[in-house]
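# Structural description and commentary
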Amino acid sequence: MSKTYIPADYAPLLNLYDTQKAIALLKRVFEDTLCGNLHLRRVSAPLFVEAASGLNDNLNGVERPVSFDVPAAQRDAQVVHSLAKWKRLALHNYHFPVGEGLVTDMNAIRRDEIPDNLHSIYVDQWDWEKVIAPRDRSMDYLIKTVQLIVNAMSDTQRTLQSVFPQLCVLPQISTELSVVTTQELEDKYPDLDDKGRENAWVKEHPTTLLTQIGGALKSGAPHDGRAPDYDDWQLNGDILLWDATLDRAIELSSMGIRVDAEALDRQLTIAGCDDRRELTFHKMLLNNELPLTIGGGIGQSRLSMLLLGKAHIGEVQASIWDDETIDTCRNAGIILL
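Conventions and cut-offs
Residues numbered from 1 in each chain as written. Predicted model: local features only at pLDDT ≥ 70, side-chain atom pairs only at ≥ 80, totals over all residues. Heavy atoms only, no water. Pairing = 2+ DSSP bridges. Helix = DSSP H or I, 4+ residues; strand = E, 2+ residues; numbered from the N terminus. Axes fitted to C-alpha atoms, helices over the stretch in contact; angles between N-to-C directions. Contact = heavy atoms within 4.5 Å. Polar contact = N/O pair within 3.5 Å; in protein donor to acceptor, adjacent residues only side chain to side chain. Buried < 20%, exposed > 50% of the residue type's maximum accessible area, 1.4 Å probe, protein only. Patch = residues over 30% accessible without salt bridge, like charges linked within 9 Å, V, L, I, M, F, W, Y side chains within 5 Å. Areas by Shrake-Rupley, 256 points an atom, 1.4 Å probe, with all protein chains shown as cover. Salt bridge = Lys/Arg side-chain N within 4 Å of Asp/Glu carboxyl O.

Summarising the sheet, strand β3 (residues 67-70) and strand β4 (residues 75-79) pair through four bridges and their orientation is antiparallel. Within β4, the residue paired with Asp-69 across the bridge is Asp-76.

As C-alpha cells, this is what we get:
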C-alpha cells in the first residue's frame, strides 16, 4: 500500500517551470542568509568516502550504504549518508577559527529509505559545521543558533513571496521558537508514538526545537535513533515546523553540538559501538585532536516543499518512485520530477 497521501483539495500554487525558478531563488537566498547569520563559508564536499575511514554517517545503525570498489586505489568506497563527521575533519584541515564554519551541498543516497511524502532515497541538504569554544557547549548556545536558522527561513519566505505572490496564501513561518525535550513529550503524550507526539506538540507550537534525541527515555526506548558518534545526545535537536499543506509536523533539520571525547566515549559504550574506537576519525576525536563544533543538515527539498506549499517531495526533486506513489500523484494531478 502506498505511503503517499495527497490532501483532497490540494492544487500546486506554482506550475512546473515556476517551481524550478522558485527553488533556484530559494536556495540562493537561504544559503546567503544562513552564511551571514552563522558566519559560514562555502566549501566543496565529497559524494563518497573511503569505507575504512569511519567518516560515513551510520544514521540509525541499520541503513546500508551504497558501496563500490575503486580498483585503481585498491580501496572500497561508500556513497555518503551525510557529512556529519567529514565536516568536523574539514574544519580541522581548514584551520577555521572559533566562531566560523563551513557550509556545503550534501547529496546522498539512502537506499533503505521508505519513500513517502517527505522521504526519498535521494537526500539533498545544506550541511554546515562551525567551530565553537568549550563554553559554547550548552543548551543556551544551541537555542541561539537554532533561532538564527529559523530567522533565515523566515527571511527567505518573505523574499519568495515578494517574487511569487501566489505563495502569499501560505502561513508565515513563526520566529517564536518553542523548546521541548523528548522526555517532556513522552510525559505529556504517553499514549502516542514518537511522530504522534511531535504532531500534537507542533500543531500548537508551529516552530519547535525538539531536544535530547538519542538516549533512552523513561519508557526504555529512545524517541528516535541517533548515531552515537556525532551529536551529543544531551545537546542536540530537530527543528520542526508545522506544514499547513500536509497538516502535520515536518522536520527541516537534524543538528546539535557535537560529541567531545567524553561524550563520544560514553555514547559508544551505551550504543554498543566500541568497535568504532579503532577508526581514524574516532581515534582523533578521543585524543582531542579535532575542534569542538556545532552543526547539522537542513533539508533543501523539505524547505522547498514548505515554502512552496508542495504536498510531495517528488515535486521539488528528481528521484525514483514506486508505481503506487506515481499513480497516487498522477491521479491528484501531480507531476513528479
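Another point: the sheet that holds strand β8 (residues 207-211). Pairing is mixed in the open sheet, where eight strands are placed in the order β1-β5-β6-β11-β10-β9-β8-β7. Strands at the two margins of the open sheet, each flanked by one partner only, are β1 (40-42) and β7 (178-181). On average, adjacent strands in this sheet sit at an angle of 30 degrees to one another, irrespective of strand direction. Across five bridges, the pairing between strand β10 (residues 248-258) and strand β11 (residues 293-299) is antiparallel. If you follow Gly-256 over to β11, its bridge partner there is Gly-295. Across the sheet, helix α5 (residues 194-204) lies against β7, β8, β9 (231-243) and β10, angled at about 60 degrees from β9, the strand it touches most. Sheet contacts for helix α8 (residues 300-308): β5 (101-109), β6 (122-131), β9, β10 and β11; angle to β10, the most-contacted strand, approximately 140 degrees.

By the secondary structure assignment, Lys-87 is in helix α2 (residues 84-94). Within polar-contact distance, the side chain of Lys-87 engages the side chain of Asp-127 at 3.0 Å. Once residues within four sequence positions are removed from consideration, Lys-87 is found in contact with Leu-102, Asp-127, Trp-128, Glu-129, Arg-258, Gly-295 and Gly-296.

Below, the discussion takes up unusual backbone geometry. Even without being glycine, Gln-74 reaches a positive phi, approximately 55 degrees. For Gln-74, the position within the fold is in the loop between β3 and β4. Backbone geometry at Gln-212 places phi at a positive 60 degrees, although glycine is not the residue there. Among the residues examined, Gln-212 registers a relative accessible area of 27% and is labelled partly exposed.

A grouping of Leu-16, Ile-335 and Leu-337 is seen on the molecular surface, where their side chains present a nonpolar patch of about 260 Å² in accessible area. Structurally, Leu-16 can be placed in helix α1 (residues 16-38).

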